[in-house]
Structure formats: structure tokens, C-alpha cells
Amino acid sequence: MKYVLILVISFLIKEAQAKTITVIATSYCACKICCGSAAKGITATGVKVKVGIIAVDPKIIPLHSKVTIDKKKYYAEDTGSAIKGKRIDIFMSTHEEAKKFGRKKLTVTF
């Protein structure tokens, strides 16, 4: 019983510490157009880039954070030269998907 109580308290503390902010979101893929000629498909944290990864400004959203956007889970594993302040860049599989996404105002929780 004690173990269950500890788990519940731990969950409640984590939920109470969650932050929700509004950001401007764009998207990118691993191509040279989005990432430059030196693109190697590796994020700022050393993880291979894949769907579910987002680029963030670590001053706003800490790297390695789990981020929820529209009830979907993402991981803050990348940064970008244009990603400053309350901006994020969501990784997409293809350049066409990234272009189609455009620019959106989204609410994120981390």
C-alpha cells in the first residue's frame, strides 16, 4: 500500500510541475534544404533524428523533455539556429510534409 501511495504522490508532483506554453511551430526534415549541406541526421543531443523529435530553445524547453502537443508525445532532442524563444521545429519524414505543415501557433506541455 505504501508503494502505491508513493507512486501516486510522485505522479501528482510531476503533473503539478508541468508547464504549458504557446509556441510558434514550424517543421523540418533531414534534407540539405532544411538542415544545410552538412546534415547528417543526428540531433544536438546525439540521437538519430526521427518522427517524434522536436527542436527547441533549451532556455525555454529543456533538452530531453517529453513534450505533449495535441495529445501526441514528442521528445526535445534537437536545437536549431532559428529556434529561439517560444519556437519549436517538429521533425517530419519528408520535405513535402515539412513544407505542408507550414507555421502554426500550438500549445505545448512539458
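Rules of the game
Residues numbered from 1 in each chain as written. Predicted model: local features only at pLDDT ≥ 70, side-chain atom pairs only at ≥ 80, totals over all residues. Heavy atoms only, no water. Buried < 20%, exposed > 50% of the residue type's maximum accessible area, 1.4 Å probe, protein only. Helix = DSSP H or I, 4+ residues; strand = E, 2+ residues; numbered from the N terminus. Pairing = 2+ DSSP bridges. Axes fitted to C-alpha atoms, helices over the stretch in contact; angles between N-to-C directions. Core = buried A, V, L, I, M, F, W, Y, C linked by side-chain atoms within 4.5 Å. Contact = heavy atoms within 4.5 Å.

1. Things to note about the pairing of strand 3 (residues 66-69)
Here strand 3 shows a buried face lined by Val67 and Ile69 and an unburied face lined by Lys66 and Thr68. One ladder, built from 4 bridges, connects strand 3 with strand 4 (residues 72-78); its direction is antiparallel. By the bridge assignment, Val67 is partnered in strand 4 with Tyr74. From the end of strand 3 to the start of strand 4, which pair antiparallel, there are 2 residues, and Asp70 there has a positive phi angle of about 50°.

2. Describing the sheet that holds strand 1 (residues 20-28)
Taken in spatial order, the 6 strands line up as 1-5-2-4-3-6 and close into a barrel, and their pairing is mixed. Strand-to-strand, the axes of this sheet are offset by a mean angle of 45°, without reference to chain direction. Across 5 bridges, strand 1 lies against strand 5 (residues 87-91) in parallel orientation. Of the residues in strand 5, the one forming a bridge with Tyr28 is Phe91.

3. Overview of the nonpolar core
Ranked by size, the top nonpolar core spans 18 residues in total, and within it Ile61, Val67, Ile69, Ile88, Ile90 and Val108 carry the most contacts. Residue assignment for this core shows that the elements contributing at least two residues are strand 1, strand 3, strand 4, strand 5, helix 3 (95-101) and strand 6 (104-109). When residues of this core are assigned to their parent elements, the largest contribution, 3 residues, is made by strand 1. When neighbours within four sequence positions are excluded, Ile61 is seen to be in contact with Ile21, Val56, Val67, Ala76, Ile88, Val108 and Phe110. Judged by nonpolar contacts, the second largest core, of 6 residues, contains Tyr28, Val49, Ile53 and Ile83.

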